[in-house]
Amino acid sequence: MAIAALPGSPGDVEVRHLRTLYQLLSALTQAQNLQEVYEAAITGLLEASAADRSAILMFDDDGVIRFHAWRGLSSEYRQAVTGHSPWSQGARNAQPIVVPDVFVETTLGEYHDTFRRERIRAVVMIPLALGSGVFGKFMLYYPEAHECQGDELAMAQAIASHVSIAVERKRSELARIESEKRLQAILDNSSTIIFMKDLQGRYILVNHRFEELFGVSKKEAMGRTDHDLFTPELAETYRVNDKTVVETGEPLSIEERAAHVDGIHTYISIKFPFEGPDGKPAGVAGIATDITERKHLEMASERLAAIVESSDDAIIGKDLNGIIQSWNKGAERIFGYTADETVGQPISMLAAPDRRNEMPDLLGKIRQGQRIDHFDTLRLTKDGRTIPVSLTVSPVRDPSGNIIGASKIARDISSRRDYEKREQEARRTAELLNRVGPQLVTELDLDKLVQSVTDLATSLVSAEFGAFFHNVVNEQGDSYMLYSLSGVPREAFASFPMPRSTDLFGPTFRGEGVVRIDDVTQDSRYGKNPPYHGMPKGHLPVRSYLAAPVVSRSGEVLGGLFFGHSETGQFTESHEAIVMGIAAQAAIAMDNARLFERAQWAQQELQRSNEELRRANQDLETFAYSASHDLQEPLRNIAISAQLLQRSSGHQLEAEQSGFLKTILTGANRMTGLLQDLLAYTHATRYAEGAPPATDPGVVLGAVLENLAGSIAQAKAEITWGDLPTVNIHESRLAQLFQNLISNALKYRSQEAPRIHVSGNERDGWCAFSVSDNGIGLEMRYADQIFGLFKRLHSRDQYVGSGIGLSICQRIVEQYGGRIWVEKSAPGEGSTFAFTLPARVR
Ligand code: ADP
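Below, the structure is looked at part by part.

Procedures and definitions
- Residues numbered from 1 in each chain as written.
- Predicted model: local features only at pLDDT ≥ 70, side-chain atom pairs only at ≥ 80, totals over all residues.
- Heavy atoms only, no water.
- Pairing = 2+ DSSP bridges.
- Helix = DSSP H or I, 4+ residues; strand = E, 2+ residues; numbered from the N terminus.
- Near = heavy atom within 4 Å.
- Polar contact = N/O pair within 3.5 Å; in protein donor to acceptor, adjacent residues only side chain to side chain.
- Areas by Shrake-Rupley, 256 points an atom, 1.4 Å probe, with all protein chains shown as cover.
- Salt bridge = Lys/Arg side-chain N within 4 Å of Asp/Glu carboxyl O.
- Buried < 20%, exposed > 50% of the residue type's maximum accessible area, 1.4 Å probe, protein only.
- Arc of directions from axis to C-beta.
- Contact = heavy atoms within 4.5 Å.
- Core = buried A, V, L, I, M, F, W, Y, C linked by side-chain atoms within 4.5 Å.
- Axes fitted to C-alpha atoms, helices over the stretch in contact; angles between N-to-C directions.
- Phe/Tyr/Trp six-rings, centres within 6.5 Å; stacked < 30°, edge-to-face > 60°.
- Lys NZ or Arg CZ within 6 Å of the ring centre and 35° of its normal.

1. Some words on the pairing of strand 2 (residues 65-71)
1) Next: The sheet contact formed by strand 1 (residues 53-59) and strand 2 spans six bridges and is antiparallel. Considered in strand 2, the bridge of Ala 55 is made with Trp 70.
2) Next: Between the end of strand 1 and the start of strand 2, which pair antiparallel, lie five residues, with Gly 63 showing a positive phi angle near 85 degrees.

So this is what it looks like as structure tokens:
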């Protein structure tokens, strides 16, 4: 650029211009932003020209030219002339326009007032332009008319071209910074790790994600290598990969692992070489995407897929139009279709004939986002079966939450239903049997029992008719069959023979278990036997057949229950269970009834023999009584005659004859004693009249001792007694007991004077008495024997007696339900006799 000297003092002017330019350039290079560029330009322009005011206007992005910097201009002026430009934006070859006097210039007529108010007389307009044409202008303003030309103009133009360049450079620099900022912002907002390393492996760029995941700031990372930041192993892996990229000049896609604060993450890294401004490799850039979550998701979805595939339930996906989208193996198993046959087909293909409306309803609910849980319904399978299923249908949403379809889980509940039904029936059967059981068991009349078993069973299995054939053994030991019927009159069977052990009936009579046939006429076991080869003519029409043996506890087959129905397939598994239960109950009841019958018979038998015994006893007593009574008379005659004979002619008799006479007399005496004892015994065996009264033993004992006073005195005996409890017995009987025992104690005395003690006590409703003496005693091995009739331990020569006394005692206590025994005895040591009697009833 030629710098012309201004008129006047050329040297000074030149120097001033040069200084101005120098200052301008240095200001421009130091300018941080465009404003500083403009300010520097205005300063330079005002210094290098005669103008007293100046401005820079720029075309903005909207194409309007506006003031960007000015000096000495009012805002009214600026406002008034904003938008005015002699060149359009981008115009080429634009030249400066010098207006020496604005009032002379008619093209500016519209601004004359404005100029006047602003006291502007002359202006210069210098285009700011570069390769892309005009982008702004410089304005110089003069208060007086002034023609800018020569050096002044050249200087202004020089400044304009410098400023143009500077503006452009600044603009592009700003744009670069801006774009770098934008780039960094993009990089920083990326969820992938982005970095650049130079050829030495030093980081020259890292993004925010990098900082975040590796826990290093940009500052720390810059200029550092992987070895500074990571473990030696990882750093080495990275370095090898980087090297490969640089050497091959090709991008590399690899799965890399990196340790983060929350554990090891997996990345898909794309590494690629980048070039420097010289076109040579300058380093490696990398973009690493964290796929840890994706990996997890992949694994989760693989697992999910495996679960879906292996599920026993049908899992079906469908869209909102009901078109099947997915179909698992469970669905294949339950419905019979393969995925190929169903995917893309409408779900209605599974609708059960009478449930066509159900699916649209379900879809309607799904569209509203509802979930349907465990809804029991019916569905159609490929082979046309209708099966019960339990459905759970949930809406499927896309990532933004819109419902796009439904996933449906269908469980085949046929087996559950079967199970529930079976369980229900079993419960019903058990209840029925529980009700029936006690009813049967309490029936002890065998005939009635058999009839009620038949009736009950027939009604419980809803048979048209039922029969119970049971075996009976008569008194001669012959076995024959009886039967009871239900649902048909007896005449209907009367003319037919008893069922025989054919293929059909045999298993029942042999106790082999239940036979259930849906159609007996179609059964191979049926109709094989002559003469009828099937049912006799006129037999009830049997199609459904059910039979069960009734087997006793001992394993004996008591009979068989048979049921029939004229329709086929009437008897079910649960009927079978009912019949088995009733058969078992019937067996128990029949066993009981039989036992009862036998027990009744035994009871009757016992009663009969008791009666016989009683009669025999009575006869015996009558005989004994009358014998002893009737014999007394002639015996007395014999004794008296013998005594008379002795008295009258005893002295005349020979010794031998007198001996005979003595024998007659002793015999007669003994016989008299015996007869008296026998009479007493027969008396004692006779039951006393009326209920036993409460008796005071003390009173009875007193009377007895009075009675025995002679014997007691003779024997010099000492008799003592304690408190004796009141007892329930007839007085005369208790007197007999005391009398017998005390007189025995006196009779069987030793050398010593007899000491006899009577004691008694009451316990548990019984009174126990004892009579103890200090007599000769006896050997305990005879202790039971001596209570027998006529049983004695001594000869009559030693001790008189008949052996009846203790028998009488035993008879008496036993009549009152008591007992008598030898409590204690030994030869030479005395004896204690004890007996019990019922205590007084209080
Ligand atoms: P008897 O006294 O008429 O012989 P009992 O029936 O009264 O008949 O007695 C049977 C036998 O028991 C007696 O013969 C005697 O041997 C024995 N006996 C009974 N009482 C006593 C007693 N207190 N001491 C020893 N022996 C006795």
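Here the narrative resumes.
2. Considerations on the site of the ligand
1) Next: Near the ligand there are 21 residues, and of these Asn 744, Tyr 748, Arg 792, His 794 and Leu 806 occur at the shortest range.
2) Next: A distance of 2.4 Å separates an oxygen atom of the ligand from a polar atom in the side chain of Arg 792.
3) Next: Here an oxygen atom of the ligand and a side-chain polar atom of His 794 are 3.3 Å apart.
4) Next: Considered on its own, the ligand offers 530 Å² of accessible surface; in the complex 98% of this is hidden by protein.
5) Next: Top contributing element to the shell around the ligand by residue count: helix 22 (residues 731-747), with three residues.

3. Considerations on the pattern of salt bridges
When their charged atoms lie close together, side chains carrying opposite charge are able to pair.
1) Next: In this structure the tally under the stated criterion is 32 salt bridges.
2) Next: Close ionic contact of Glu 173 with Lys 170 constitutes a salt bridge, the shortest N to O distance being 3.5 Å. Of this pair, Glu 173 and Lys 170 both sit in helix 5 (residues 150-189), three residues apart, which is roughly one turn of that helix.
3) Next: Of the residues examined, Glu 173 reaches a relative accessible area of 31% and is grouped as partly exposed.
4) Next: On the accessibility criterion, Lys 170 (8% relative accessible area) is buried.
5) Next: The salt bridge involving Arg 636 is made with Glu 633; its shortest N-O contact spans 3.1 Å. Highlighted residues: Arg 636 and Glu 633, both in helix 18 (residues 573-649), separated by three residues, approximately one helical turn.
6) Next: A relative accessible area of 45% means that Arg 636 is categorised as partly exposed.
7) Next: Through salt bridges with shared partners, one network takes in Lys 197, Asp 226, Asp 242 and Lys 271.

4. Some thoughts on helix 13 (residues 358-367)
1) Next: Among all positions in helix 13, only Glu 358, Met 359, Leu 362, Leu 363 and Ile 366 are buried. Along helix 13, the residues classed as buried sweep out an arc of 135 degrees about the axis, all on the same side.
2) Next: On its buried side, helix 13 packs onto strand 11 (314-319), strand 13 (372-380), strand 14 (386-397) and strand 15 (403-412).
3) Next: Remark: Gly 369 follows helix 13 within two positions and exhibits a positive phi of approximately 85 degrees.

5. Some words on the nonpolar core
1) Next: By size, the foremost hydrophobic cluster in this structure holds 43 residues, and its most contacted members are Leu 734, Leu 737, Phe 738, Ile 742, Phe 835 and Leu 837.
2) Next: Looking at this core element by element, the count peaks at seven residues for helix 22.
3) Next: Other than its neighbours up to four places away in sequence, Leu 734 contacts Thr 695, Pro 697, Val 700, Val 727, Ile 729, Phe 835 and Leu 837.
4) Next: Counting residues in hydrophobic clusters, the runner-up holds 33 residues, among them Met 58, Ile 126, Phe 138 and Met 155.

6. Notes on the sheet that holds strand 2
1) Next: Judged by pairing direction, the sheet is antiparallel, and its five strands sit side by side in the order 2-1-5-4-3 without closing on themselves. Looking along the sheet, the strands with just one partner apiece sit at the ends: strand 2 and strand 3 (97-99). Strand-to-strand twist of the sheet, defined as the mean angle between neighbouring strand axes without regard to direction, takes the value 20 degrees.
2) Next: Each of strand 1, strand 2 and strand 5 (133-142) touches helix 2 (residues 34-48); the most contacted strand, strand 2, lies at about 60 degrees to it.
3) Next: Docked against the sheet, helix 5 engages strand 1, strand 3, strand 4 (122-130) and strand 5, running at close to 40 degrees with respect to strand 4.

7. What about the packing of aromatic side chains?
1) Next: A full pass over the atoms with the stated rule returns 23 aromatic pairs.
2) Next: Aromatic side chains Tyr 77 and Phe 115 sit 6.3 Å apart centroid to centroid with 40 degrees between the ring planes, which places their arrangement in the tilted category. One end of the pair, Tyr 77, is in helix 3 (residues 75-81); the other, Phe 115, is in helix 4 (residues 112-118), with 38 residues separating them in the sequence. Accessibility classification places Tyr 77 together with Phe 115 in one group, the buried group.
3) Next: Through successive ring pairs, a cluster of aromatic residues spans Phe 67, Trp 70, Tyr 77, Tyr 111, Phe 115 and Tyr 141.
4) Next: In this arrangement the basic side chain of Arg 819 is found over the ring face of Trp 821, its NZ or CZ atom lying 4.4 Å from the centre.

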